[in-house]
Amino acid sequence: MEFLGDSVLGLVVTEELYIHFPDLDESRLSPLRSGVVNMRALADLARQLHLGEYLRIGKGEESTNGRDKNSILADTLEALVGAIYLQHGFIKTSEIILEWFKPLITSANEQGIGLDGKTALQELVASKSLGAPEYVVEESGPDHDKSFTAVAVVAGERFEMGHGKSKREAEQAAAKLAYEVLNSRK
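First things first, this report covers the structure right here in the doc. Computed from a prediction, not measured in an experiment: that's the story for all the values here. (Residues numbered from 1 in each chain as written. Predicted model: local features only at pLDDT ≥ 70, side-chain atom pairs only at ≥ 80, totals over all residues. Heavy atoms only, no water.)

1. Section: the side chain of Glu-171
Mapping Glu-171 onto the fold places it in helix α7 (residues 167–185). Taking relative accessible area as the criterion, Glu-171 reaches 10% and is therefore assigned buried. Residues contacting Glu-171, with those up to four places away along its chain left out, are Lys-118, Tyr-135, Val-137 and Ala-150. (Helix = DSSP H or I, 4+ residues; strand = E, 2+ residues; numbered from the N terminus. Buried < 20%, exposed > 50% of the residue type's maximum accessible area, 1.4 Å probe, protein only. Contact = heavy atoms within 4.5 Å.)

Structural data, given as structure tokens:
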């Protein structure tokens, strides 16, 4: 179901982005699609739909808060899309997907969705001649449930802390926060 749902979701979002942003080429549409249909976005939607409450998971996953893991929630949402597709067909499934994702798709380009946060920050600071950004990363928690925090530092200025379940995710979050502040200064 997850495999099928992933494909249907990708097709619907791809078509909507193509229609909504006719002036963008593939080099920009592909990252937009990735930004809209990625594990974190799918997991966030699954949380809004309270899908974690309905999962049957093993004791190990239960003990490590599996009901709230991004990967499990994203896979569950994709499986749900697959089931809806089999039960109701493509048109109804498209309507449901667009209801869920339309606000995100509509604002995707303006919000910079699909841009790699670290790359976007790097390009911005280079354009302002501020030097390369640096990241201060800390980890906490037990080995089976690590949490990471990161702070982007640009030209000696520290920005808001980013959080994630991996070093990369925390750095990306920190970069995006720094980008938003620096970009708003113009």
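2. Details of the sheet that holds strand β1 (residues 134–140)
As summarised here, the arrangement of the three strands in space is β1-β2-β3, forming an open sheet in which the pairing is antiparallel. Looking at which strands have only one partner, the edges of the open sheet turn out to be β1 and β3 (157–164). Ignoring which end each strand starts from, the neighbouring axes of this sheet average 20 degrees apart. Bridge count for strand β2 (residues 147–154) against β3 is six bridges, and the pairing is antiparallel. (Pairing = 2+ DSSP bridges. Axes fitted to C-alpha atoms, helices over the stretch in contact; angles between N-to-C directions.)

3. Re the packing of aromatic side chains
Per the stated rule, a full pass over the model turns up zero aromatic pairs. The ring centre of Tyr-135 lies 4.9 Å from the NZ or CZ of Lys-118, which sits over that ring. (Phe/Tyr/Trp six-rings, centres within 6.5 Å; stacked < 30°, edge-to-face > 60°. Lys NZ or Arg CZ within 6 Å of the ring centre and 35° of its normal.)

4. Examining helix α6 (residues 117–127)
Of the residues making up α6, those classed as buried are Gly-117, Ala-120, Leu-121, Leu-124 and Val-125. The arc that holds the buried residues of α6, viewed along the axis, is 125 degrees, so those residues lie on one side. More than 90 degrees from the buried face of α6, the exposed residues found are Glu-123 and Ser-127. Buried-residue contacts for α6 involve β1, β2 and α7. Backbone geometry just downstream of α6 places Ser-129 in the positive-phi region, at approximately 55 degrees. (Arc of directions from axis to C-beta.)

5. Topic: helix α2 (residues 26–36)
Taken together, the buried positions of α2 are Arg-28, Leu-29, Leu-32, Gly-35 and Val-36. Each buried residue of α2 sits inside an arc of 125 degrees when the element is viewed along its axis, so together they form one side. Of the residues in α2, the exposed ones pointing more than 90 degrees away from the buried face are Glu-26 and Ser-27.

6. Looking at the nonpolar core
If you look at the biggest cluster of nonpolar residues, it comprises 25 residues, and the most contacted ones within it are Val-13, Ile-97 and Phe-101. Looking at this core, the elements that each hand over two or more residues are α1 (2–20), α2, α3 (39–48) and α5 (70–111). By residue number, the principal contributor to this core is α5, which donates nine residues. When neighbours within four sequence positions are excluded, Phe-101 is seen to be in contact with Leu-9, Val-36, Leu-42, Leu-45 and Leu-77. Core analysis: the next-biggest nonpolar cluster, separate from the first, contains 13 residues, Leu-124, Ala-150, Val-154 and Leu-182 among them. (Core = buried A, V, L, I, M, F, W, Y, C linked by side-chain atoms within 4.5 Å.)

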